[in-house]
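So you can see what is in the structure, the chains are spelled out below.
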Amino acid sequence: IQEHRVRHYASLYQPAYYEILNEPSQYAEFSAVAEPEGETLVDAWIAQAVRLSEAVQEESPGTRVGVSLGLQQELDEQLYVRLLELDAIDFIGFRLFQPAAFEVLEDMFAEFGHPADYGKDILIMETWFGACLAPQRSQELDAKWLEMTAAFAAKERMQAVLASDFGCFVTEGGTRTATSSSGSWKRSISATV
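Procedures and definitions
Residues numbered from 1 in each chain as written. Predicted model: local features only at pLDDT ≥ 70, side-chain atom pairs only at ≥ 80, totals over all residues. Heavy atoms only, no water. Buried < 20%, exposed > 50% of the residue type's maximum accessible area, 1.4 Å probe, protein only. Helix = DSSP H or I, 4+ residues; strand = E, 2+ residues; numbered from the N terminus. Salt bridge = Lys/Arg side-chain N within 4 Å of Asp/Glu carboxyl O. Patch = residues over 30% accessible without salt bridge, like charges linked within 9 Å, V, L, I, M, F, W, Y side chains within 5 Å. Areas by Shrake-Rupley, 256 points an atom, 1.4 Å probe, with all protein chains shown as cover. Lys, Arg positive; Asp, Glu negative; His and termini not counted. Charge placed at Lys NZ, Arg CZ, Asp CG, Glu CD. Axes fitted to C-alpha atoms, helices over the stretch in contact; angles between N-to-C directions. Parallel < 35°, antiparallel > 145°, perpendicular 65-115°, else oblique. Left-handed = near helix turned anticlockwise from the far one by under 90°. Contact = heavy atoms within 4.5 Å. Polar contact = N/O pair within 3.5 Å; in protein donor to acceptor, adjacent residues only side chain to side chain. Nonpolar A, V, L, I, M, F, W, Y, C, P; charged D, E, K, R; others polar. Arc of directions from axis to C-beta. Phe/Tyr/Trp six-rings, centres within 6.5 Å; stacked < 30°, edge-to-face > 60°.

J.: Teacher, can you tell me more about unusual backbone geometry here?
T.: Where the residue is not glycine, phi is negative for most of them; where a peptide bond is considered, it is trans in most cases. Despite not being glycine, glutamate 23 has its phi angle at roughly 50 degrees, a positive value. Taking the relative accessible area as the measure of exposure, glutamate 23 reaches 15% and is therefore buried. Despite not being glycine, arginine 157 has its phi angle at roughly 60 degrees, a positive value. Note on placement: arginine 157 falls in the loop between α6 (139–155) and β5 (160–163).

Right, here's the structure in full:
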């Protein structure tokens, strides 16, 4: 089912980047899927990454294929190490929601190697400041988060930062129905892009 879906969208859109696996550790933690017999969970995810990457390349040869990982799970670290060496993967993505995530990534790069040193692109696949859903949320805080994330991405040789509008970066209070937003948010988005 997953391969069919991946092939369909690769063929239909011919994307520049295609995230074929999204945080495998979350599936392991929150689903009832059992670990496959005869292989480790890491081996199963790597085999799936290779299979899906080949499917994308057959449908859209110019597409860069990647996997996004969570942070601080043993499975994420094991996959990260294997993905660095995997020719079928062009980029590794991450999702950042708290300031501590920057340090976790720096530590991961220092301990296991930096993706750019292995010819991999690095993308922040989704980001928003976790506190932005709290009552004290403000567009100024959102703007500062984007500025900090963009600066971190530049320092770490990342190719892109994709901001999520899940309750953040929209308008005061997180609603998408308001007709205006503050200038600080607009300036930050322009600077980030």
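So that's the structure; there's more coming.
J.: Which parts of the structure should I look at to understand the pattern of salt bridges?
T.: Where charged atoms from two side chains of opposite charge come close, those side chains can pair. Summed over all chains, the structure comprises 11 salt bridges. Measuring nitrogen to oxygen at the nearest pair gives 2.8 Å for the salt bridge that ties arginine 64 to aspartate 121. Separated by 57 residues along the polypeptide, arginine 64 in strand β2 (residues 64–69) and aspartate 121 in strand β4 (residues 121–127) bring together distant segments of the chain. Overall, arginine 64 belongs to the partly exposed group, its relative accessible area being 27%. Residue classification places aspartate 121 among the buried positions, given a relative accessible area of 12%.

J.: What's the story with a negative patch on the surface in this structure? I'm lost.
T.: The grouping of Glu74, Glu77, Glu103, Asp107 and Glu111 at the surface amounts to a negative patch. Considering each element in turn, the negative patch owes the most residues, 3 residues, to helix α5 (residues 100–112). Examined against the element boundaries, glutamate 103 turns out to sit in helix α5.

J.: Quick question: what am I supposed to make of the packing of helix α4 (residues 74–85) against α5 here?
T.: Packed helix pairs are characterised by how far apart their axes lie and by the angle those axes make with each other. Relative to each other, α4 and α5 sit at 55 degrees, their axes nearing to 11 Å. Judged on the interaxial angle alone, α5 and α4 are oblique. In this structure, the crossing between α4 and α5 has a hand that is right-handed. Only Met108, Phe109 and Phe112 of α5 make contact with α4, whose side of the interface consists of Glu77, Tyr80, Val81 and Leu84.

J.: Please clarify how the environment of arginine 64 should be interpreted in this entry.
T.: Distance from arginine 64 to aspartate 90, taken between C-alpha atoms, is 5.5 Å for residues 26 residues apart in sequence. Beyond its immediate stretch of four places on either side in the chain, arginine 64 contacts Ala16, Tyr17, Tyr18, Asp90, Phe91, Gly119 and Asp121. Polar contacts involving the side chain of arginine 64 include one to the main-chain carbonyl oxygen of aspartate 90, which spans 3.3 Å.

J.: Teacher, can you tell me more about the packing of helix α3 (residues 41–59) against α4 here?
T.: Packing of α3 against α4 brings their axes to within 10 Å, and their N-to-C directions diverge by 45 degrees. As judged from the angle between their axes, α3 and α4 are oblique. Every pair of crossing elements has a handedness; the one defined by α3 and α4 is right-handed. Together, Leu41, Val42, Asp43, Trp45 and Ile46 of α3 and Leu75, Gln78, Leu79, Arg82 and Leu83 of α4 make up the contact between the two elements. Looking at the contact of α3 with α4, its residues break down into 7 nonpolar, 1 polar and 2 charged.

J.: What am I meant to see in α4 here?
T.: Every α-helical turn comprises 3.6 residues, leaving residues that sit three or four positions apart pointing alike. Every buried residue of α4 is accounted for by Leu75, Asp76, Leu79, Tyr80, Leu83 and Leu84. The arc enclosing the buried residues of α4, seen along the axis, measures out at 160 degrees, which places them on a common side. Pointing more than 90 degrees away from the buried face of α4 are the exposed residues Glu74 and Glu85. Where α4 is buried, its residues meet α2 (24–30), α3, β2, β3 (91–96) and α5.

J.: Explain the packing of aromatic side chains here, please?
T.: Any pair of aromatic rings gets described here by the distance separating the centres and the angle formed by the planes. Tallied over the full model, the rule gives 11 aromatic pairs. Here tyrosine 17 and phenylalanine 91 contribute two aromatic rings whose centre-to-centre distance is 5.3 Å and whose plane-to-plane angle is 65 degrees, an arrangement assigned as edge-to-face. Of the two residues, tyrosine 17 sits in strand β1 (residues 17–22) while phenylalanine 91 sits in strand β3, which places them 74 residues apart along the sequence. Using a relative accessible area of 33% as the deciding quantity, one classes tyrosine 17 as partly exposed. Members of the aromatic cluster, joined through ring pairs, are Tyr80, Phe94, Phe109 and Phe112.

So far we have only geometry, and geometry alone does not tell us how the molecule works.
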